[in-house]
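Chains, contacts and geometry: an overview
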Amino acid sequence: MNLEVIRKDTLGCSDKIFLNSAGSSLMSKAVVDRMINYLYEEQQLGGYTTAGLYTDEISQFYEEAAKLINATSANIAFMNSSTDAYAKALSSISFKEGDCIITTNDDYISNQIAFISLKKRYDIEIIRMKNLSDHELDLHDLENLIRKYSPKLIAVTHIPTNSGLIQNVEDVGRLCKQYNILYLVDACQSVGQIVVDVMKMKCDFLTATGRKFMRGPRGSGFLYISDEVLNQEMAPLFLDSNGGQWTGFDEYQLNNKAKRFEHFERSVATLLGFKEALKYANNIGMANIENYNRNLAEKLRINLQNNDFRILDLGNQLSSIITFCQKDGKIEKIRKILNENNVFFTVSNKNNALIDFTLKNVEYAIRLSPHYFNTLEEIENVSDFLLI
Ligand SMILES: Cc1ncc(COP(=O)(O)O)c(C=O)c1O
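Residues numbered from 1 in each chain as written. Predicted model: local features only at pLDDT ≥ 70, side-chain atom pairs only at ≥ 80, totals over all residues. Heavy atoms only, no water.

All right, on to the overall build of the chain then. Helix and strand content of the chain: 15 helices and 15 strands. Relative to the compact-globule value of 21 Å for 388 residues, the chain shows a C-alpha radius of gyration of 21 Å, a close match. Relative to its full complement of 388 residues, the chain shows a buried share of 54%. Looking at the chain as shown, the accessible area adds up to about 17600 Å², and 49% of this sits on carbon and sulfur atoms. (Helix = DSSP H or I, 4+ residues; strand = E, 2+ residues; numbered from the N terminus. Rg over C-alpha atoms; globule rule 2.2 N^0.38 Å. Buried < 20%, exposed > 50% of the residue type's maximum accessible area, 1.4 Å probe, protein only. Areas by Shrake-Rupley, 256 points an atom, 1.4 Å probe, with all protein chains shown as cover.)

Our next topic: the domain arrangement of the chain. Considered domain by domain, the chain is made up of domain 1 (3-20 + 286-385) and domain 2 (29-283). Taking only C-alpha atoms, the centre of domain 1 and the centre of domain 2 are 26 Å apart. Taking both sides of the interface into account, the surface hidden between domain 1 and domain 2 amounts to around 2600 Å²; carbon and sulfur atoms contribute 55%. Together, Met286, Ile321 and Ile355 form the three largest contributors to the area buried by domain 1 at its contact with domain 2, with a combined 22%. On inspection of domain 1 and its partner domain 2, the count reaches 0 salt bridges. Across the contact surface, domain 1 and domain 2 share 17 residue pairs in polar contact (both at pLDDT 80 or more). A per-element tally of the side of domain 1 that touches domain 2 places helix α12 (residues 286-306) first, with 6 residues. (Domains from an automatic or database assignment. Buried area = accessible area lost by both parts, 1.4 Å probe. Salt bridge = Lys/Arg side-chain N within 4 Å of Asp/Glu carboxyl O. Polar contact = N/O pair within 3.5 Å; in protein donor to acceptor, adjacent residues only side chain to side chain.)

Now for the packing of aromatic side chains. Note on aromatic pairs: each is described by the distance of the centres and the angle between the planes. Counted by the stated rule, this structure contains 12 aromatic pairs. Ring centres of phenylalanine 61 and phenylalanine 78 lie 5.4 Å apart, and the angle between their planes is 80°; this geometry places the pair in the edge-to-face category. Taken together, the positions of phenylalanine 61 in helix α4 (residues 55-69) and phenylalanine 78 in strand β2 (residues 76-79) put the pair 17 residues apart, joining distant regions of the chain. Each member of the aromatic cluster is reached from another via a ring pair, and the members are Phe61, Tyr62, Phe78, Phe222 and Phe274. Geometry around phenylalanine 344 places lysine 16 over its ring, the cationic atom sitting 5.4 Å from the centre. Stacked on the ring of tyrosine 54, the Lys or Arg arginine 34 has its end atom at 5.0 Å from the ring centre. (Phe/Tyr/Trp six-rings, centres within 6.5 Å; stacked < 30°, edge-to-face > 60°. Lys NZ or Arg CZ within 6 Å of the ring centre and 35° of its normal.)

On to the pattern of salt bridges. Scanning the model with the defined rule gives 20 salt bridges in all. Here arginine 147 and glutamate 143 are joined by a salt bridge, their closest N and O atoms 3.3 Å apart. In this pair, arginine 147 and glutamate 143 both sit in helix α7 (residues 139-149), 4 residues apart, roughly one turn of the helix. Taking the relative accessible area as the measure of exposure, glutamate 143 reaches 19% and is therefore buried. Arginine 174 serves as the salt-bridge partner of aspartate 171, at 2.3 Å between the closest nitrogen and oxygen. A residue pair is termed a helical-turn pair when its members lie 3 or 4 positions apart in one helix, as aspartate 171 and arginine 174 do in helix α8 (residues 169-179) at 3 residues. Among the residues examined, arginine 174 registers a relative accessible area of 43% and is labelled partly exposed.

When two helices pack together, their arrangement is given by the angle between the helix axes and the distance between those axes. Contact geometry for α7 and α8: axes closest at 11 Å, N-to-C directions at 25°. Here α8 runs roughly parallel to α7, going by the angle between their axes. Taken as a pair, α7 and α8 cross one another with a handedness that is right-handed. Contacts between α7 and α8 involve Leu139, Leu142, Glu143, Ile146 and Arg147 from the former and Asp171, Val172, Leu175, Gln178 and Tyr179 from the latter. (Axes fitted to C-alpha atoms, helices over the stretch in contact; angles between N-to-C directions. Parallel < 35°, antiparallel > 145°, perpendicular 65-115°, else oblique. Left-handed = near helix turned anticlockwise from the far one by under 90°. Contact = heavy atoms within 4.5 Å.)

The next point concerns the side chain of aspartate 141. Considering the arrangement of structural elements, one finds aspartate 141 in helix α7. Buried charged residue aspartate 141 carries no salt bridge. Nearest counter-charge: lysine 130, at 4.0 Å. Setting aside anything within four residues of it in sequence, one finds aspartate 141 in contact with Met129 and Lys130. (Lys, Arg positive; Asp, Glu negative; His and termini not counted.)

Below, the structure is given as structure tokens:
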């Protein structure tokens, strides 16, 4: 990893300490240039002719996304966001009254809301597996729940938005395979941050976004769909002409690739920008990025602990999302110092992490999320600013 080159490619990191990659990260120059240049061509030629000139480059998007998660390009669909991907995956499952979804206490707010919406419409049951005392998922409890409820779906967020936890998605995947249960992984915060391998996770669906640790543009994401799901002819509830071919007045034939989950209309400029971001991460190598990130996050967590803050991250495997508050639960002093020193960060609120923050008994947390364009020096500087 050549940090000097990476920082030169990242124009936004020169005049601030940017620690908000879990929110919306800094795009590299290559990502922005590709989108702008593509739009200039659209300005001249119109959208359809321009897209026709770049079919090979468009297909590279699928190859780069597949490479990132150890899949093949036929299993990748471009999406507008992680939530878009999640909704389409859920809509392909024919829920009926009495079905059950098993999820975790740490699953993302919008996923929880989607499950509640399914519950309201179809009267399904939502069950959240237990955590052990070290906050790892209780796999024994999960296996008991599977035997008792025969769930239709198990859904786990790999890295939650509001804490440093990395959930054990691989062992959950083993159980899903063993009991033949559909498995949906939300990898929105993990893609681009750590190695994500769908073969090891054994998931049926995996959802991802572009703008966070992937460093892609807003309005981009992808959905991975397993061969098993594609072969079972599962498809989103509302297909369009990309998803199926209209073969008779009342008939259509499904697209046999993951593209069945896409809609025809999309921003090609955004897709190509996202492709550049995926290529950039693949070229550096996700294992290199993960190692570098782990160092930064560990250093920052130790420093903040030494500064006498309350670190809110629980679990044995921790990510580059660092959440903390003052010992009295307040955050105002921290927020003020970070703002005064041009440090970019997020405040997580309890209503976005209702279960987690209720259990931790906090209303807010400061969230810092360093990424591989950050330096150890920046981490030390932020820690020094926060000596209060
Ligand atoms: C864990 C997780 N899942 C899903 C999402 C939703 O992503 P998007 O806004 O791209 O739909 C987020 C956004 O913060 C997230 O952190």
